[in-house]
Amino acid sequence: MRLVVLLVCACFVSLLRAEDGSRLWLRMERNADAAEVRVERGTKRTATVDIAVRELEDYWKGDGKVVLRVAEDGPARDGFSIGRTEKEEMVLTSASGQGLLYAAYGLLRMQQVGDTLGVGQTVSDAPAYDLRILNHWDNPDGTIERGYAGRSIWQWDELPGTVSPRYEAYARANASVGINGAVLNNVNAKPLALSSDMLRKTAAIADVLRPYGIRTYLSVNFASPKALGGLPTADPLDADVRQWWVGKVDEIYRLIPDFGGFLVKANSEGEPGPQDYGRTHADGANMLADVLAPHKGIVMWRAFVYKPSSPDRACQAYEEFMPLDGKFRDNVIVQVKNGPVDFQPREPFSPLFGAMRHTQVMPEFQVTQEYLGQSIHTVFLATMWKDVLSAQTYHDGETVAAATLRKVSAQSVSAIAGVANIGDSENWTGSDMAQANWYAFGRLCWNPDMSAAQLADEFLKQTFSADEGFVGPMRQVLLRSWDAAVSYMMPYGLHHIFAGEHHYGPEPWYHPGGDIRLDWLPSYYHRADSVGLGFDRTREGSGGAAQYHEPLSTLYGDLRTCPEEYLLWFHHVPWSYVMRNGLTLWDNLCYIYNHGVDEARHFATVWEGMRPYVDATRYERQKARFDRQAKDAVWWRDACLLYFQQFSGLPLPADCPPPVHKLKDLMKYHLDIDNYTAAGMDKLP
Ligand code: GCW
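Counting its secondary structure elements, the protein chain contains 20 helices and 15 strands. The globule rule puts the C-alpha radius of gyration for 685 residues at 26 Å, and the 26 Å found for the protein chain is close to it. Seen along its three principal axes, the alpha-carbon backbone of the protein chain occupies a region of about 85 × 80 × 50 Å. Relative to its 685 residues, the protein chain shows a buried fraction of 61%. The long-range share in the protein chain, meaning contacts at least 24 apart out of those at least 6 apart in sequence, stands at 72%. When the accessible area of the protein chain is evaluated, it comes to approximately 25800 Å², of which 52% is carbon and sulfur surface. Counting 68 positive and 85 negative side-chain charges, the protein chain places the centres of these two groups 2 Å from one another.

Before going further, it helps to spend a moment on the domain arrangement of the protein chain. It is common to give the size of an interface as the accessible area that goes away when the parts come together. What the domain assignment lists for the protein chain is domain 1 (26–125), domain 2 (131–450) and domain 3 (486–535 + 572–678). Centre-to-centre, using C-alpha coordinates, domain 1 lies 32 Å away from domain 2. Residue-level contacts link 17 residues of domain 1 with 16 residues of domain 2. Across the interface of domain 1 and domain 2, roughly 1300 Å² is buried in total on both sides, 47% from carbon and sulfur atoms. For the domain 1 face of the interface with domain 2, the top three residues by lost area are Leu26, Tyr102 and Arg109, together amounting to 39%. At the junction of domain 1 with domain 2, the criterion picks out three salt bridges. Residue glutamate 168 is joined to arginine 54 by a salt bridge in which the shortest nitrogen-to-oxygen separation is 3.5 Å. The tally of links between domain 1 and domain 2 comes to eight residue pairs in polar contact (both at pLDDT 80 or more).

Let's shift gears to helix H5 (residues 196–209). If you check H5, its first and last C-alpha atoms are 20 Å apart, about what 14 residues at 1.5 Å a residue would give, namely 20 Å. Burial analysis of H5 places 10 of its 14 residues in the buried class, the great majority of the element. Met198, Leu199, Lys201, Thr202, Ala203, Ala204, Ile205, Ala206, Val208 and Leu209 are the residues of H5 that are buried. Contacts made by the buried residues of H5 are with helix H4 (165–177), strand S7 (181–183), strand S8 (215–219) and helix H7 (239–255).

Time to look at the sheet that holds strand S6 (residues 131–135). To summarise the sheet geometry, strands pair through backbone hydrogen bonds and adopt either a parallel or an antiparallel arrangement. If you walk around this closed barrel you meet the eight strands as S6-S7-S8-S9-S10-S11-S12-S13, and the pairing is parallel. The sheet shows a mean angle of 25° between the axes of neighbouring strands, direction not considered. Of the strand pairs in this sheet, strand S12 (residues 360–366) and strand S13 (residues 415–419) are connected by three bridges, and their pairing is parallel. Paired with phenylalanine 365 across the two strands is glycine 418, which belongs to S13.

Turning our eyes to something else, we now look at the packing of helix H18 (residues 585–608) against helix H19 (residues 616–648). Packed helices, taken two at a time, are described by the angle their axes make and the gap between the axes. Where H18 meets H19, the axes come as close as 9 Å, and the angle between the chain directions of the two elements is 170°. When the interaxial angle is binned, H18 and H19 end up roughly antiparallel.

Turning next to empty space enclosed by the protein. Evaluated as defined, the whole model comprises 13 cavities of 30 Å³ or more. Reported here for the largest cavity is a volume of approximately 110 Å³. As for the largest cavity, its lining consists of 14 residues, of which Ala303, Ala317, Gly339, Pro340 and Ser350 are closest to the centre. Its residues placed into classes, the lining of the largest cavity shows 10 nonpolar, two polar and two charged.

Every one of the 15 residues lining the ligand counts as a neighbour, but Glu145, Lys265, Lys337, Asp342 and Glu370 are closest to it. The contact in question runs from an oxygen atom of the ligand to an N or O atom on the side chain of lysine 265, over 2.6 Å. At a separation of 2.6 Å, an oxygen atom of the ligand approaches a polar side-chain atom of glutamate 370. For the shell around the ligand, the residue count by class is four nonpolar, three polar and eight charged.

The rules we used
- Residues numbered from 1 in each chain as written.
- Predicted model: local features only at pLDDT ≥ 70, side-chain atom pairs only at ≥ 80, totals over all residues.
- Heavy atoms only, no water.
- Helix = DSSP H or I, 4+ residues; strand = E, 2+ residues; numbered from the N terminus.
- Rg over C-alpha atoms; globule rule 2.2 N^0.38 Å.
- Buried < 20%, exposed > 50% of the residue type's maximum accessible area, 1.4 Å probe, protein only.
- Contact = heavy atoms within 4.5 Å.
- Areas by Shrake-Rupley, 256 points an atom, 1.4 Å probe, with all protein chains shown as cover.
- Lys, Arg positive; Asp, Glu negative; His and termini not counted.
- Charge placed at Lys NZ, Arg CZ, Asp CG, Glu CD.
- Domains from an automatic or database assignment.
- Buried area = accessible area lost by both parts, 1.4 Å probe.
- Salt bridge = Lys/Arg side-chain N within 4 Å of Asp/Glu carboxyl O.
- Polar contact = N/O pair within 3.5 Å; in protein donor to acceptor, adjacent residues only side chain to side chain.
- Expected span 1.5 Å × (residues − 1).
- Pairing = 2+ DSSP bridges.
- Axes fitted to C-alpha atoms, helices over the stretch in contact; angles between N-to-C directions.
- Parallel < 35°, antiparallel > 145°, perpendicular 65-115°, else oblique.
- 1 Å grid on protein atoms, 1.4 Å probe; cavity = no way out; pocket = protein on both sides within 12 Å on 5 of 7 lines; lining within 4 Å.
- Points joined across faces, edges and corners; volume = space filled by probe spheres on them.
- Nonpolar A, V, L, I, M, F, W, Y, C, P; charged D, E, K, R; others polar.
- Near = heavy atom within 4 Å.

Below, the structure is given as structure tokens:
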């Protein structure tokens, strides 16, 4: 019997074609003979429609022919319908060629995941957010801030003469999940990004992205008029400064007629901004917005700012931006990170969502896993994003999704952004499993109502195997992975106890010495002392809980009613405090870290059973990662429990396994992040 099983497994393995992950979720087999695809008379053959036709000819495997039609009465904007007629034709209808391309990818997705349409049936679909944008934190020198998948895919050195085929593959992957915008460069923007030379290179990329319906945007450095234009100031109210921007924007639109607009990080982490000249964020954003308006461009102005006078980092975006509500132009969108601090493993949603009633606000998610195990740990972020988007703000009963989809004026557009996890590694994202986050981000922007389970299923079936023997167990892994990571990293609302600078691994003790901002230190956030643990954001503390709309403000502000997942976010809790399950904070902390470890180990075991379904390259690559994730979970557990134990002075509960590491060893360890690759993972604790 065993022999038979082994033989069957061996067959499976040998049958699976070697893969490098470069095809992402688009692993359809090309047709030997093109499928029959007809574009209805009257439907204009744009470059976009041509792509739709080509994709269907190459990959549609159904019996009947496919008909594409643009109809004025068809689903509006990027929406589409797919109908199966009595004559066994598949009819794809939209009001635009772009909608037809989305319909083509929709039909191919149905084919790949095994969704069928009955004769006479029609399905319709339309995107929720108008703008579904990836933010690349890519630098002109090819490095990527917080990128873990190699170097930038943009080859600035060889552009515009040489246009890498990767750009089109990138555009195609994005279009297939509904993404329709890309900010090509880092929000920590170099003035150089706006040089004439770089703009010509940018235009060459925009030309490739355009037929796939992807608009190009740029991050801009607010001091560009000085640094690039040689002006003595970048004051947004200065006439020469404004004129400089007018000239620059004209130049951009001459090269890129459908340019999307600017993304701006101003007066944050050393970046210049209007406050350098005593002006407000609104003054800065509006000046750029007025310059872009004649071209229909927009400004995405980030709310990720610091306010030195405020005692709580988590309160600062709200304090800076709420007074400006209603003061922004219609073509400004304030881009707000999902939580009030900074993409932590788990944060409550930012109180700005729903609160700004007269300003268009867009969520910013981080697809790249800066704080969630980078390209090693499997953490399916759809679960987290769903948690944020479906959170109730209690402003007019709106969820975060509803608050950001609502248009504050007839001219406004709704938007959502994700910081890309893409680099030039062969599988795009370093980890094969991290492709799931790129995929899910796009699909969720299109439809925030999709469940995390649906997203996981779609991804797994297309990217790996549609066999239920694979999808069933791996769906569970993906769905549990965020909770697991929160459990072994920062449970109960703990935050920012990462190793300094690179943010991989635990360092609740991190202090580089010298003169460092307190809010860049873990101790600022965890506040461990002999009494307890956590940041007091009640009325007696920083008052952060009061930024939420009632009843949340009272709910969060009261230790007895605060949801336990945010306990240490809002409260400084005594070690002996008895939680809802009757155990103390200290004991619960010990148990939950161990739960996280058990989960991570379980994921590694589940993966071992997936060998028959996955080609050897991707299987081994992912196995190394799951194994490392399980070890990292132990590292996190030991580091955090042993470190906090110094304050609690309490023993681990008798049924908790003893630590594997010694605190003093962990405190001496420094990860050489520059030389840290998946291959070097064995050098970690
Ligand atoms: O999370 C922090 C990152 C920075 C980043 C910043 C931001 C681009 O550590 O690397 O800078 O946020 O979002 O601006």
